[in-house]
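Reading the structure
Here is how the chains run, residue by residue.
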Amino acid sequence: AQESGLDEELVEKAGESTASPLSYLFSYASGTSSVSEDTLPLSDRVYIAQSRIIKQIAREGGCVIVGRCSDYVLEGEVRAINVLIRADWDARVSRVMTRNQLDQAAAVERIKKTDKRRASYYQHYTGRKWADANNYDIAISTTTIGIGGTVELLKRYVELFNSAAD
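Because the structure is predicted, anything quoted here is derived from the model rather than measured.

**Details of the overall build of the protein**
For the protein, the helix and strand inventory stands at seven helices and two strands. Along its sequence from the N terminus, the protein presents helices and strands in the succession α-α-α-α-β-α-α-β-α. Counting only residues that meet the buried cut, the protein has 27% of its 166 residues in that class. Across the protein, every contact between residues at least 6 apart in sequence was considered, and the portion connecting residues at least 24 apart equals 56%.

**Concerning helix α7 (residues 142-165)**
Taking 1.5 Å per residue, 24 residues should reach 34 Å; α7 reaches only 27 Å between its end C-alpha atoms and comes up short. In α7, a bend of some 80° at Gly148 exceeds every other bend along the element. Within α7, the full set of buried residues consists of Thr142, Thr150 and Leu154. As for α7, its buried residues are in contact with β1 (83-86), α5 (89-100) and β2 (138-141).

**Some details on the packing of aromatic side chains**
Two numbers describe a pair of aromatic rings. These are the distance of the centres and the angle of the planes. Overall, the coordinates contain three aromatic pairs when judged by the stated rule. Between Tyr47 and Tyr121, the aromatic rings sit 6.3 Å apart at their centres with planes inclined by 70°, giving edge-to-face as the arrangement. In this pair, Tyr47 is assigned in helix α3 (residues 42-60) and Tyr121 in helix α6 (residues 104-126), connecting sequence segments 74 residues apart. Of the residues examined, Tyr47 reaches a relative accessible area of 11% and is grouped as buried. Centroid distance Tyr47 to Tyr125: 4.1 Å. Interplanar angle 10°. Geometry classified as stacked. Taken together, the residues span a long stretch of sequence, with Tyr47 in helix α3 and Tyr125 in helix α6 at a distance of 78 residues. With a relative accessible area of 12%, Tyr125 lands in the buried category. Counting every residue linked through ring pairs, the aromatic cluster contains Tyr47, Tyr121 and Tyr125.

**Some points on the packing of α5 against α6**
Interhelical geometry of α5 versus α6 gives an angle of 110° and a closest axis separation of 9 Å. Between α5 and α6, the angle is such that the two are roughly perpendicular. Where α5 approaches α6, its residues Trp89, Arg92, Val93, Val96, Met97 and Asn100 are matched on the opposing element by Gln104, Ala107, Val108, Arg110, Ile111, Lys112 and Asp115. Considered class by class, the residues forming the contact of α5 with α6 number seven nonpolar, two polar and four charged.

Reading the values: the criteria
- Residues numbered from 1 in each chain as written.
- Predicted model: local features only at pLDDT ≥ 70, side-chain atom pairs only at ≥ 80, totals over all residues.
- Heavy atoms only, no water.
- Helix = DSSP H or I, 4+ residues; strand = E, 2+ residues; numbered from the N terminus.
- Buried < 20%, exposed > 50% of the residue type's maximum accessible area, 1.4 Å probe, protein only.
- Contact = heavy atoms within 4.5 Å.
- Expected span 1.5 Å × (residues − 1).
- Bend = angle between axes of the 7 residues up to and from the residue.
- Phe/Tyr/Trp six-rings, centres within 6.5 Å; stacked < 30°, edge-to-face > 60°.
- Axes fitted to C-alpha atoms, helices over the stretch in contact; angles between N-to-C directions.
- Parallel < 35°, antiparallel > 145°, perpendicular 65-115°, else oblique.
- Nonpolar A, V, L, I, M, F, W, Y, C, P; charged D, E, K, R; others polar.

From the geometry alone we can't say anything about function, so treat these as descriptive.
The structure is reproduced here in structure tokens:
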């Protein structure tokens, strides 16, 4: 929000949403015949600002960026390791139930809505299918090796990645 000059509350609300195609029609119908960043819907302006910031942070050194289409944003930009971290359905439901103090039905509903929103966001901005392992260097299931095992595996992967670059 600070970097883009956009209102923090608006940025938070627009964070994982996409603009309706109608918003472009309204912009055109209002007499805005040329497209500039200022005439884009808020969600698109947020995506552009996030992308700039992600690239800047990645160029400055080692970092971890979760989501925000960062695999796509950083493609060809910097040396990056793109990781897909997954868990099986039951493990996801259990984790959401515990973390958010929800019953099973509410946890399932939350996961489905979140997955749908994320898939739509990712598709809209990248043209790719969300959570497709083909878009990542490595895919890990926390169900199989747990979160601690995932951390250890990633540490080792980063070591091997860095030594291969030397």
